[in-house]
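Below, each chain spelled out in residue letters.
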Amino acid sequence: MLGEIRGLNEECGVFGIWGHPDAAQLSYYGLHALQHRGQEGAGIVVTDGHALRAVKGEGLVNDVFNESNLGTAKGYGAIAHARYTTAGGGGIENVQPLLFRSSTGTLAIAHNGNLVNANHLKQHLERSGSIFQSTSDTEVVVHLIKKSKKPGFRAQVKESLSLLKGAFSFLIITKEGMMVARDRNGLRPLSLGKLGEAYVVASETCAFDLIGAEFVREVEPGELLVITDQGIEEDRFVAMEKRAMCAMEYVYFARPDSNIDEINIHAARKRMGKQLAKECFGIEADVVTGVPDSSISAAIGFAEESGIPYELGLIKNRYTGRTFIQPTQELRERGVKMKLSPVVQVVKGKRVVMVDDSIVRGTTSRRIVNMLKEAGATEVHVVISSPPMKNPCFYGIDTSTSEELIASSKSVEDIREAIGADTLTFLSADGLIEATARAFDDETRGLCMACFTGDYPTEIFPDTVLPHVKELQH
């Protein structure tokens, strides 16, 4: 995927398993399947019923884990995390799962998403004496649990989760069991599966496929699952509110072989491409090509619907460095050229339809258009399988300011001119919803379209907190 060089990244991926003797090793494979969701750090915390042991580090899954450190991670329960840094910044102290020891017990926690009221809660917790070990918003939850006066650990967890606003999939593990929770709007994906008698949870179902687990169902928004040696208990920490699955999971983030709400990502992206072809008027071209990897499915759909043949016009080099860490725009653009190469024999002398999933800053799109024209394309028509991204995301995607988004200040025609395309077409909001088989009036299968429409499903910067948090000041 090109999010690394385009400035579009999703925060994390989580994986958990309970009831299997090879929990750590299976978690390693699960993280491999979720590597696309985070490349800056990875960790596994495993329990054997007596203690919790953590293995984690900065870098890719293969950089962090090896036969030696996984061999010492014995246990039948584990949670794991692949991290991309947005809220909280980098550093080993922020690599999850976070492990906490106290006189009342030990727990570890992993989180995918972003809490929009984390700073607000943190200020109140610090006034009551809490000292934070990391800058991650995930740690807030542990302090809330510790401060809760509710009787019993489950009740403390439920009360703490109910105070959170934003997007989250949480995995919590102790010596006794594993807890699984998803935010009240279902902004981030989380699925439940089984591997023999063991229960498995993951951000995406592609992790189940890799380890041979069977999909059971989605974890419901506002739901808390408690998994122990006695089995699984279904509970709730809050009622489900208007469903708002992140639309960019379908457009870009999730792997094509994953299913979200029983909708296959590849099939949804093909429908986006087909719908986009219906919405394009008057484009005459010789060849359709997709920007690898996340746009290939949409490009195939566009070609099928339009009747213009699909060709492999762009090749991705999979063995270059991670250019998203480069600090200057000049180096970012050089990184684009390292990542992608045009197939001259395919595009030379041709009118090319270039399918991409989104435009963020516009710099990568401009560079790809230029590459195609330098390779001999006579025309480059850019079609985007999502609407213009005009608004920042506060739920775990690293577009937190409008200034980062070219569509927030420019019209479609201005963007077309900036990227050097002959034409530019974005998929309509209605077209995206139709392609994902969802409807505006169906609250159980709704989408978060905030980055396109500005309609945020939660409060962003709440002015008040719940009574329990106010009490923490005393």
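The preceding data block contains the structure.
Residues numbered from 1 in each chain as written. Predicted model: local features only at pLDDT ≥ 70, side-chain atom pairs only at ≥ 80, totals over all residues. Heavy atoms only, no water.

Enquirer: What should I look at first to understand the overall build of the chain in this one?
Expert: Secondary structure summary: the chain contains 18 helices and 23 strands in total. Going through the 474 residues of the chain one by one, you find that 60% of them count as buried. Counting contacts in the chain only where the partners sit at least 6 residues apart, residues at least 24 apart contribute 70% of the total. (Helix = DSSP H or I, 4+ residues; strand = E, 2+ residues; numbered from the N terminus. Buried < 20%, exposed > 50% of the residue type's maximum accessible area, 1.4 Å probe, protein only. Contact = heavy atoms within 4.5 Å.)

Enquirer: Mind showing me how you'd approach the sheet that holds strand β2 (residues 41-47) here?
Expert: The seven strands are arranged β3-β2-β4-β1-β10-β9-β11 in an open sheet whose pairing can be described as antiparallel. At either margin of the open sheet sits one strand with a lone partner, and together these are β3 (52-58) and β11 (214-218). Between one strand axis and the next, the sheet turns by 15 degrees as a mean value, whatever way the strands run. Relative to strand β4 (residues 77-83), β2 is paired through seven bridges, and the arrangement is antiparallel. Residue pairing in the sheet places V46 in a bridge with A78 of β4. (Pairing = 2+ DSSP bridges. Axes fitted to C-alpha atoms, helices over the stretch in contact; angles between N-to-C directions.)

Enquirer: How do you make sense of the sheet that holds strand β12 (residues 223-228) when you look at a structure like this?
Expert: Strand pairing in a sheet is mediated by backbone hydrogen bonds. Such pairs are either parallel or antiparallel. Within the open sheet, the six strands sit side by side as β5-β6-β7-β8-β12-β13. Their pairing is antiparallel. Since the sheet does not close on itself, it has two edges, and those belong to β5 (98-102) and β13 (231-236), each with one partner. On average, adjacent strands in this sheet sit at an angle of 20 degrees to one another, irrespective of strand direction. In this sheet, strand β8 (residues 177-182) lies alongside strand β7 (residues 166-173) in antiparallel orientation, the contact comprising five bridges. Residue pairing across strands places F170 opposite A181, the latter belonging to β8.

Enquirer: Teacher, can you tell me more about the packing of helix α6 (residues 139-147) against helix α7 (residues 153-162) here?
Expert: A pair of packed helices can be characterised by two numbers: the angle between their axes and the separation between those axes. The N-to-C vectors of α6 and α7 enclose an angle of 130 degrees; their axes lie 8 Å apart at closest approach. Considered as vectors, α6 and α7 are oriented oblique to each other. Taken as a pair, α6 and α7 cross one another with a handedness that is right-handed. Of the residues in α7, those in contact with V141, L144 and I145 of α6 are F153, Q156, V157, S160 and L161. Tallied by class, the residues present in the contact of α6 with α7 amount to six nonpolar, two polar and no charged. (Parallel < 35°, antiparallel > 145°, perpendicular 65-115°, else oblique. Left-handed = near helix turned anticlockwise from the far one by under 90°. Nonpolar A, V, L, I, M, F, W, Y, C, P; charged D, E, K, R; others polar.)

Enquirer: Would you mind going over the environment of E218 with me for this structure?
Expert: Along the polypeptide, E218 turns up in strand β11. Along the primary structure E218 and A202 are separated by 16 residues, whereas in three dimensions their C-alpha atoms are 9.8 Å apart. Apart from residues lying up to four places away in sequence, E218 is in contact with R182, L190, S191, E223, N259, I260, D261 and E262. At a separation of 2.8 Å, a polar atom in the side chain of E218 contacts the main-chain amide nitrogen of D261. (Polar contact = N/O pair within 3.5 Å; in protein donor to acceptor, adjacent residues only side chain to side chain.)

Enquirer: Please explain the pattern of salt bridges as it appears in this structure.
Expert: Charged atoms that come close allow side chains of opposite charge to pair. Within this structure, the stated rule accounts for 20 salt bridges. Between D261 and R243 there is a salt bridge; the shortest N-O distance is 2.9 Å. Here D261, found in the loop between β15 (259-260) and β16 (263-264), pairs with R243, found in the loop between β13 and β14 (245-246); they are 18 residues apart in sequence, far enough to count as distant. For the pair D261 and R243, a shared accessibility class is recorded, and that class is buried. The partner of E304 in a salt bridge is K274, and the shortest N-O contact between them spans 3.0 Å. Of this pair, E304 sits in helix α11 (residues 296-306) while K274 sits in helix α10 (residues 265-279); the two residues are 30 residues apart in sequence, bridging distant segments of the chain. Since its relative accessible area comes to 44%, E304 is described here as partly exposed. Exposure remark for K274: the relative accessible area of 25% places this residue in the partly exposed category. Three or more residues are tied together by salt bridges with common partners; here these are R37, R188, E204 and E249. (Salt bridge = Lys/Arg side-chain N within 4 Å of Asp/Glu carboxyl O.)

Enquirer: Would you mind showing me how to read unusual backbone geometry here?
Expert: Of all residues except glycine, most have a negative phi; of all peptide bonds, most are trans. At the junction of Q96 and P97, the peptide bond is cis and its omega measures out at 0 degrees in the coordinates. Following the sequence through the fold, P97 ends up in the loop between β4 and β5. Following P292, the chain continues to D293 via a peptide bond in cis, the omega torsion being 0 degrees. Of note, D293 is situated in the loop between β17 (287-290) and α11.

Enquirer: Which parts of the structure should I look at to understand the nonpolar core?
Expert: Core analysis: the largest hydrophobic core is formed by 50 residues, its most contacted members being M248, Y250, F302 and V353. In terms of nonpolar packing, the next biggest core, distinct from the first, is built from 30 residues, I17, A24, A80 and I211 among them. (Core = buried A, V, L, I, M, F, W, Y, C linked by side-chain atoms within 4.5 Å.)

Enquirer: Would you mind going over the packing of aromatic side chains with me for this structure?
Expert: The description of two aromatic rings rests on the distance between their centres and on the angle between their planes. One pass over the structure, following the stated rule, counts eight aromatic pairs. Taking 5.4 Å as the distance between ring centres and 65 degrees as the angle between the ring planes, the aromatic pair formed by Y28 and Y29 counts as edge-to-face. A relative accessible area of 43% places Y29 in the partly exposed class. Measuring from centroid to centroid gives 6.1 Å for Y28 and F65, while their planes differ by 85 degrees, and the two rings are edge-to-face. Highlighted residues: Y28 in helix α2 (residues 23-33) and F65 in the loop between α3 (61-64) and α4 (67-71), separated in sequence by 37 residues. Comparing Y28 with F65 shows no difference in burial state: the two are buried. In this structure, K194 is placed above the aromatic ring of Y199, and the distance from its NZ or CZ to the ring centre is 4.7 Å. (Phe/Tyr/Trp six-rings, centres within 6.5 Å; stacked < 30°, edge-to-face > 60°. Lys NZ or Arg CZ within 6 Å of the ring centre and 35° of its normal.)

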